[in-house]
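Read off the chains here:
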Amino acid sequence: MSYISKPKIQHPNARRNKLGLTSRDYEGAVSTLCAGCGHDSVTAAIVQSVYELNIEPHMLAKMSGIGCSSKTPAYFASQSHGFNSVHGRMPSVTTGANAANRTLTYIGVSGDGDSLSIGAGQFVHAIRRNLNMCYIIENNGVYGLTKGQFSASADIGSKPKKGLPNQQEPIDPVSMALSLGATYIARSFSGDKEQLVPLIQGALMHKGFALVDVISPCVTFNDHEGSTKSYAHTRKHYHNVVNADFIAPAEEIKTAYDEGSAMSVELHGGSKIVLRKVDKDYDPSSRASSFKYLRDRFNAGEIITGLLYIDEARNEMHDLMGNVDMPLSQLPLETLNPGNKELKKILSGYR
Amino acid sequence: MAKLNDVVIKIATVNGTGSASANGLIMKSLFRMGIPVVGKNYFPSNIQGLPTWYEIRVTGDDYQCRSDRVDVMVAMNAQTYARDLAEVIPGGWFIYDSTWPRNTQLGRDDITIIGIPLSRMCNEHFDGARARILMKNIAYVGALAAFLAIDIDTITELIEETFADKKHLIASNMEAIKLGFDYARKNFVCPLPSKVAAMDGTKGHIIIDGNTAAGLGCLYAGATVGAWYPITPSTSLMDAFRTFCAEYRVDPETGKRTYCIIQAEDELAAIGMVLGASWNGARSFTSTSGPGISLMSEFLGYAYYAEIPAVLFNVQRCGPSTGMPTRTQQSDIISCAYASHGDTKHVLLFPADPGECFTMAQTAFDLAERLQTPVMVLSDLDIGMNDWMVPEFEFDEKKIADRGKVLSAAELEQMESFHRYLDVDGDGIPYRSLPGVHPKGSYFTRGSGHTKYGAYTEESSEYQDVVDRLLLKWETARSIVPEPEIEFSKFNKAAILSFGSSHGACQEARDRLAAQNIALNYCRVKSFPFSASIKEFIQQHEVVYVVEQNRDAQFRALLMLDSDADPSKLISLLHYDGMPLNAGFVVRRVLEEIAKGQAA
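Residues numbered from 1 in each chain as written. Chains lettered and ligands numbered in written order. Predicted model: local features only at pLDDT ≥ 70, side-chain atom pairs only at ≥ 80, totals over all residues.

Here we look at the overall build of chain B
Next up, step 1: Helix and strand content of chain B: 19 helices and 21 strands.
Next up, step 2: Rg of the C-alpha trace for chain B: 27 Å, near the compact-globule value of 25 Å for 600 residues, within the 12% margin.
Next up, step 3: Taking the principal axes of the C-alpha coordinates as reference, chain B spans close to 90 × 70 × 40 Å.
Next up, step 4: Counting only residues that meet the buried cut, chain B has 54% of its 600 residues in that class.
Next up, step 5: Within chain B, residue pairs in contact and separated by at least 24 positions form 74% of the contacts whose partners lie at least 6 positions apart. (Helix = DSSP H or I, 4+ residues; strand = E, 2+ residues; numbered from the N terminus. Rg over C-alpha atoms; globule rule 2.2 N^0.38 Å. Buried ≥ 20, exposed ≤ 12 C-beta atoms within 10 Å, placed from the backbone. Contact = placed C-beta atoms within 7 Å.)

The following block contains the structure:
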């Protein structure tokens, strides 16, 4: 989205991943978002995530809708295809794209307006299909591009810059995803890259619908006192209940984990994610208890983060349908029509 | 003396009582006797209990439209006796179920009333309420066979084929046929003067509806992704595609599917899925009707501007709003041609019958990929859901599908740099790359202002550069879309111009008018943008009667907008009551215009 092209100067000694690419190779155009925007930190976390995962750039598809968050796919992975679609419709475009080619890695970047208002219907149904994608919501409680209206994720009592505090119930994407059956649900904070990167990596490698809800403050319209989506408020009330460590395939687990509080889950392609529970009572494999825990902590004013739910067993969309492994888009047309002789046979039933 | 093989039978029943199979049996029996037939189903937007009609036109002259008269009414629905009675032409026949005596007020002395105690006979011969209702339908088929001289052996053959897997039903169905047949023979003079006789008029033909034909066309076009939201009258299109895929798109070794049909949450999502799949290189389509197009409009503008192929079937129904969902119209012409905000326009195809639904499905994918833009096939309820007799389809195995300008990995590798929206060939069509092919092919697809290199812009000249190039592409489209069917004689000053399902009625009307020494030239438009030959055709005539099935003369407006046609030459013949067009309407309207002083 930028007029300014970023100089591509590679440091000769820059670290390279297994594909021989540096993290600079996974960057995009210069961001045009406001200085200090949480979204730019999320972009940086995405760059690090895909670089470390050794994803071939052309095998990554960047999907988005409309809004500040949806602009960000232009700011990372410039060698990847991007689809900046219409407002609230990224899930359907990604569903179709995935239907045509299941071998790409899909990363969708959305916002609270894009996913919880105009696009709530599509968000819900992508989860229901267990669409294999990493779905990031950059959640700031406001509409930025139209200058500061509340979004559906604004908390009760949260104060706008001008006008009266919000009185409507907030829509929480994490609770929604839990009730709808998403198979990987995480929440994080744009200001905590250490937590965010492994969560995004796990989401990218998870086979199924992976939601990462990232509190990503809007410095221009929602970072003041009284806002519950400000940097200060988030830092103060944020509790990490399940740390996640992403372990690449063939990499050894080096950390010594506490017995009873660590849980290792094998992801698609041989990677692992190790969950370290900060709160021993939390069970990230039970939807019912996660839901209760989250609601209780929410009512106590806490922002619960971490890898909150995971289910690697459920089939994703293609497997639910029983589709071939090969991308449908790569099947030669001549193999797809049954030929004239068969046509005669079909039509003999219409006499 | 009534003409042989020229009779219209209308059957009035209650929907949900299983009369469709009985009506299909009559249609197919006639067809197998070699007699051309036209079948029209007039059904309510309801599941059970409301009036429904099926009309069979026996047309030895092989006309492809409904008639404007009813010779024989089979009145099986007491609710509609009065209107059914009124519809029969003088000298016609009214057959009803005399189990319950008819109200004496429901009489006419210019037609023959025939009472057959169908319910009583079926109640005596069959057990169970459902069987009795179903068999009553089959019994009227037997009676009609006697009255019209439909070949009983052909009926038997069809019943045996239908119940090949449920042999025990053959005997009961044949018994019901015999009940109606024998009663008619015993109590009335059979056959009636309006009777049928075997001929050789259906060889090489099939009976099929347009939605099935379009679904089959998508199978043959190599479509792999279908996304849709159920809506009458388009639902049976995706259902047909699914049925064909279940047979022909399952890997025999693994049992896995080489297709993906997604029932979307709404039409907005359906078109989003189509665009995502097309962007990724799959042949992808949706089927919908008018309200669905309204919901898809934002995305259609996106696809036009971001240049993404898409195929849509709009099986039109009566608008506005929910309108009459089970009645036909051609009233989405303007809403499809210019769907979406901003300067947006779309390629349209107008199939005239199921045969063209099959071929145009393939043409639509070729054009969509060649032009990198949405292509809408504008069918309608009449074509989509009625059974039409059409020549058997052919698939040309030698013809290579047009995938358009898509760069391969090898081509991208050799390029210094790739720019998505650059007009390299001067035809307004840029080159495309598919995700997952090569890193050099990557670009950012966006609906916001972009330069010819694909970068974001808000610069006036850079923006205008791209929208002007899209106009050049539109002119390329004009030169490659299907040409109209034209019948021209330099001696005629007037002509009829039509499209889609109006074709059959226009052809019959021209014959009827010719018999009155009014010869009219003819142009059947098959696509939009309008090719130069359409503009020329209009210029060659003093008056062109534009026949269309909507109130607002939408097609005429489109001719003026896109072909710069002289409005004073274009006289509208507008039919928009929801029923399929008939020749009588066209003849009457042309004669009215001539009486007003228009050229003939």
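Resuming the write-up.
Examining the packing of helix H6 (residues 173–180) of chain A against helix H9 (residues 287–299) of chain A
Residues and elements named next belong to chain A.
Next up, step 1: Running from N to C, H6 and H9 cross one another at 160 degrees; their axes reach a closest spacing of 10 Å. As summarised for this structure, H6 and H9 are arranged roughly antiparallel, according to the angle between their axes. The crossing of H6 and H9 is left-handed. Each of Val174, Ser175 and Leu178 in H6 lies in contact with H9, whose residues at this interface are Arg287, Ser290, Phe291 and Leu294. (Axes fitted to C-alpha atoms, helices over the stretch in contact; angles between N-to-C directions. Parallel < 35°, antiparallel > 145°, perpendicular 65-115°, else oblique. Left-handed = near helix turned anticlockwise from the far one by under 90°.)

Comments concerning the nonpolar core
Next up, step 1: Membership of the largest hydrophobic core comes to 261 residues, with the highest contact counts inside it found for Cys134 of chain A together with Val74, Ile95, Leu144 and Tyr545 of chain B.
Next up, step 2: Per-element accounting of this core gives the leading share, twelve residues, to helix H4 (residues 129–148) of chain B.
Next up, step 3: With nine residues, the next largest nonpolar core counts Leu33, Cys37, Val142 and Cys218 of chain A among its residues. (Core = buried A, V, L, I, M, F, W, Y, C linked by C-beta atoms within 7 Å.)

Considering the interface of chain B and chain A
Next up, step 1: Each partner contributes to the interface: chain B provides 56 residues, whereas chain A provides 47 residues.
Next up, step 2: Residue assignment for the side of chain B that touches chain A shows that the elements contributing at least two residues are strand S7 (205–209), helix H7 (210–221), strand S8 (225–228), strand S9 (260–263), helix H9 (267–279), helix H10 (290–306) and strand S15 (444–446) of chain B.
Next up, step 3: For the side of chain B that touches chain A, the element with the highest residue contribution is H9 of chain B, accounting for nine residues.
Next up, step 4: Partitioned by chemical class, the residues of the side of chain B that touches chain A number 31 nonpolar, 15 polar and ten charged.
Next up, step 5: In this sheet, S15 of chain B lies alongside strand S2 (residues 81–84) of chain A in parallel orientation, the contact comprising three bridges. Directly across from Gly82 of chain A, in S15 of chain B, lies its bridge partner Phe444 of chain B. (Nonpolar A, V, L, I, M, F, W, Y, C, P; charged D, E, K, R; others polar. Pairing = 2+ DSSP bridges.)

Focus on helix H1 (residues 38–52) of chain A
All names here are of chain A.
Next up, step 1: An ideal rise of 1.5 Å per residue puts 21 Å on 15 residues; H1 measures up with 21 Å between its terminal C-alpha atoms.
Next up, step 2: Extensive coverage of H1 is indicated by the burial of eleven of its 15 residues.
Next up, step 3: All of the buried residues along H1 are Gly38, His39, Ser41, Val42, Thr43, Ala45, Ile46, Val47, Ser49, Val50 and Tyr51.
Next up, step 4: Lining the buried residues of H1 we find strand S1 (60–64), helix H2 (68–71), strand S3 (105–111), strand S4 (133–139), helix H7 (193–205) and strand S8 (209–215). (Expected span 1.5 Å × (residues − 1).)

Considerations on the sheet that holds S3 of chain A
Next up, step 1: Here eleven strands make up an open sheet; going across it, the order is S10(A)-S11(A)-S9(A)-S12(A)-S7(A)-S8(A)-S4(A)-S3(A)-S1(A)-S2(A)-S15(B) and the pairing mixed. Each of the sheet's edge strands pairs with one partner strand only, and the pair in question is strand S10 (262–266) of chain A together with S15 of chain B. Here the average twist between neighbouring strands, direction ignored, is 20 degrees.
Next up, step 2: Pairing geometry for S10 of chain A and strand S11 (residues 272–277) of chain A, over five bridges, is antiparallel.

So, unusual backbone geometry
Note on backbone geometry: most residues besides glycine have negative phi, and most peptide bonds are trans.
Next up, step 1: For the bond running from Cys190 of chain B to Pro191 of chain B, omega is -10 degrees, close enough to zero to count as cis.
Next up, step 2: With respect to the helices and strands, Pro191 of chain B occurs in the loop between helix H6 (168–187) and S7.
Next up, step 3: At Lys147 of chain A, a residue that is not glycine, the phi angle is positive and equals roughly 80 degrees.
Next up, step 4: For Lys147 of chain A, the position within the fold is in the loop between strand S5 (142–143) and strand S6 (149–150).
Next up, step 5: Phi is positive for Asn5 of chain B, close to 55 degrees, though the residue is something other than glycine.
Next up, step 6: Residue position: Asn5 of chain B is located in the segment before strand S1 (6–14).
Next up, step 7: Here Asn5 of chain B falls in the buried class, since 23 other C-beta atoms lie within 10 Å of it.

As for the pairing of S11 of chain A
Residues and elements named next belong to chain A.
Next up, step 1: Bridge analysis of strand S9 (residues 238–247) against S11 gives six bridges, and the strand direction is antiparallel. Residue Asn243 lies in a different strand from S11, and its bridge partner there is Arg276.
Next up, step 2: Between the end of S10 and the start of S11, which pair antiparallel, lie five residues, with Gly269 showing a positive phi angle near 85 degrees.

Brief notes about the packing of helix H1 (residues 19–32) of chain B against H4 of chain B
All names here are of chain B.
Next up, step 1: It is at 8 Å that the axes of H1 and H4 come closest, and there the two elements cross at 20 degrees. Classed by the angle they form, the pair H1 and H4 counts as roughly parallel. Relative to H4, the crossing made by H1 is right-handed. Side by side, H1 and H4 meet where Ser19, Ala22, Leu25 and Ile26 of the first sit next to Asn137, Ile138, Tyr140, Val141 and Leu144 of the second.
Next up, step 2: Among the residues forming the contact of H1 with H4, the class breakdown is seven nonpolar, two polar and no charged.

Overview of the domain arrangement of chain B
Next up, step 1: Domain annotation of chain B identifies domain 1 (6–187), domain 2 (208–391), domain 3 (409–480) and domain 4 (485–595).
Next up, step 2: A separation of 60 Å is found between the C-alpha centroids of domain 1 of chain B and domain 3 of chain B. (Domains from an automatic or database assignment.)

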